[in-house]
Amino acid sequence: LPWTEDVSQLMAQRLSPWITQTLRRLGRRAEEMSLKAYVVGGFVRDLLLGKENQDLDIVIEGDALAFIKSWETDGCKVAVHERYKTGTIVFPGDKKVDVATARREFYEYPVALPKVAGDSLKHDLYRRDFTVNSMAISINRTSWGTLIDYFGGRRDLQSRQLRVLHNLSFVEDPTRVLRGLRLKQRLGFEFEDNTFRLIKSAVKGGLLGLLSGTRVKNELKLIFMEEKVYPIVLEMVRLNIFEALFSGIKVDRNCIRIVRRLSFFLRRLRYDLPDIEEDVWLAFLAAVIFSSADWVQHATLDKLHLSKSNREIVEKALDDLGTAENAIGGKGMRSYEEIYLFLRDAPYVTALFWAAATQQWRVRRRILLYLTRLHRVNPILMGRDLVELGYPKGPLIGKILEELLLARLRGEVETREDEIKWVKNNYPLYVLKKG
Ligand code: ATP
């Protein structure tokens, strides 16, 4: 029998009105359909830790597909995977709730796609990654707020430990090693001793090398988008995780230094950098393969199946560092205009990587200047102002605005009046009319 506890008070105190209301509605519907519904996983963990989490994962004992589809008539959008008996309900306001059928997965061999065979909550929870993620809270009306803990999740939350549910956990799914490293850092937990041993033997046994490139990419991306990437990468290096994932890779002190700088820039300059949220992980990826042989770099990128544009970002980062250093490095003065003209042809993330990877502090400073300021320099005048001044609509307008921007970078114009004067001087209207 599981450990149970009433956490309805805690829910009332900590959950936002939308979350509470949604859980109540879901629970009422389940009750009407004679199903049992639970909120599970990271949401429960974070509730007990007092952390905000908006991701609702619902598990249904019974037919989740019918449950999900029933929301269509309530103005929700729904999507189902018939095969996995899972789906998503999207409530108005684009709020998503994932719903799954309580299930037991049989793994035919490691890393295979799971087959689904209907079963109960305990089995569902048993196939999760760590005990702290294996708790459920009942949301049916009659048992609202009952915490269900089969595997000691509460105890491990209290002692701040990540513990797998059984010794074959990493054999079943080696991505759990990567999830564990991420979660450990995020929560500030430790691995329980046996779990840590299992991680080391999963790495030694080559299990991580069996994962598909797409799964590795998804997990790496999550790691590289965490708040604190540097300590996770350090631990991955210590445990030889990268070598286990990509044969021949060499993550040396240079790579680690670049990762540390990237983390530093992202933390210190967060609000001054252009919006690179989505791509920032590519800079970290470039950093960890920076010191590897060309063929290893290519093999790694092949394995990860990056999109064409993502691949270009990483390749340009690695291949053109020297070009960038030549173009905007050196002791001599470099004008804003020069810096701008070179860097505007590179994706922001590529430039950020160069700033972290270069050994030349002048290059670093110039790139950071570009990323925090120069990239957003624009003329005050707009196309329609130029039309009002008498310039013909068409490509000329674009050219004038471009020249005006460079003039601004050279410090030739400051105010709107300066700009008008500059335009009239450099593109006199009478010349245009004659020409
Ligand atoms: P995050 O906030 O990083 O998404 P999370 O714990 O909410 O963390 P999800 O990726 O949303 O994680 O997954 C939801 C739940 O599914 C987790 O809490 C975990 O119990 C379970 N889970 C996810 N991936 C695995 C896996 N590979 N093996 C076992 N359980 C998993």
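Reading the values: the criteria
Note that residues are indexed from 1 along each chain, following the sequence as it is written. Totals for whole chains, interfaces and linings use all residues, but because this is a predicted model, local features are given only for residues with pLDDT of at least 70 and pairs of side-chain atoms are given and counted only at 80 or more. Excluding hydrogens and water, the side-chain values take into account all heavy atoms of the structure. Only protein chains enter the accessibility calculation, which uses a 1.4 Å probe. A residue is then buried if its area is under 20% of the maximum for its type, exposed if over 50%, and partly exposed in between. The way it works is that DSSP assigns letters per residue, a run of H or I at least four long becomes a helix, a run of E at least two long becomes a strand, and they are numbered from the N terminus. One requirement defines pairing of two strands: DSSP has to find at least two bridges between them. As a rule, the C-alpha atoms of each element are fitted with a line to give its axis, helices using only the stretch in contact, and angles between N-to-C directions run from 0 to 180 degrees. Contacts are assigned to residue pairs that have any heavy atoms within 4.5 Å of one another.

Peer 1: Hey, could you run me through the pairing of strand 2 (residues 36-40) in this one?
Peer 2: On any regular strand, side chains alternate: one points to one face of the sheet, the next to the other face. Among the 5 residues that make up strand 2, 4 are buried, leaving the element largely enclosed by the rest of the structure. By the bridge criterion, 4 bridges tie strand 2 to strand 3 (residues 56-61) in an arrangement that is antiparallel. Looking across to strand 3, one finds that Lys36 is bridged to Glu61. Where strand 2 and strand 9 (residues 136-138) come together, 3 bridges link them in antiparallel fashion. Pairing of Val40 across the sheet is with Ala136, part of strand 9.

Peer 1: Looking at this model, I keep getting lost on the sheet that holds strand 5 (residues 86-91). Mind explaining?
Peer 2: Strand pairing in a sheet relies on backbone hydrogen bonds, with the paired strands running either antiparallel or parallel. An order of 1-10-9-2-3-6-5-4 is seen for the 8 strands of this open sheet, with the pairing classed as mixed. Pairing within the sheet leaves two strands with one partner each, and these edge strands are strand 1 (3-6) and strand 4 (77-81). When the angles between neighbouring strand axes are averaged without regard to direction, this sheet yields 25 degrees. The pairing of strand 9 with strand 10 (residues 146-149) spans 2 bridges and is classified as antiparallel. Within strand 10, the residue paired with Ile137 across the bridge is Leu147. Most of the contacts of helix 2 (residues 17-32) go to strand 3, to which it runs at about 15 degrees, and overall it touches strand 2, strand 3, strand 5 and strand 6 (95-101). Sheet contacts for helix 3 (residues 42-49): strand 2, strand 3, strand 9 and strand 10; angle to strand 2, the most-contacted strand, approximately 60 degrees.

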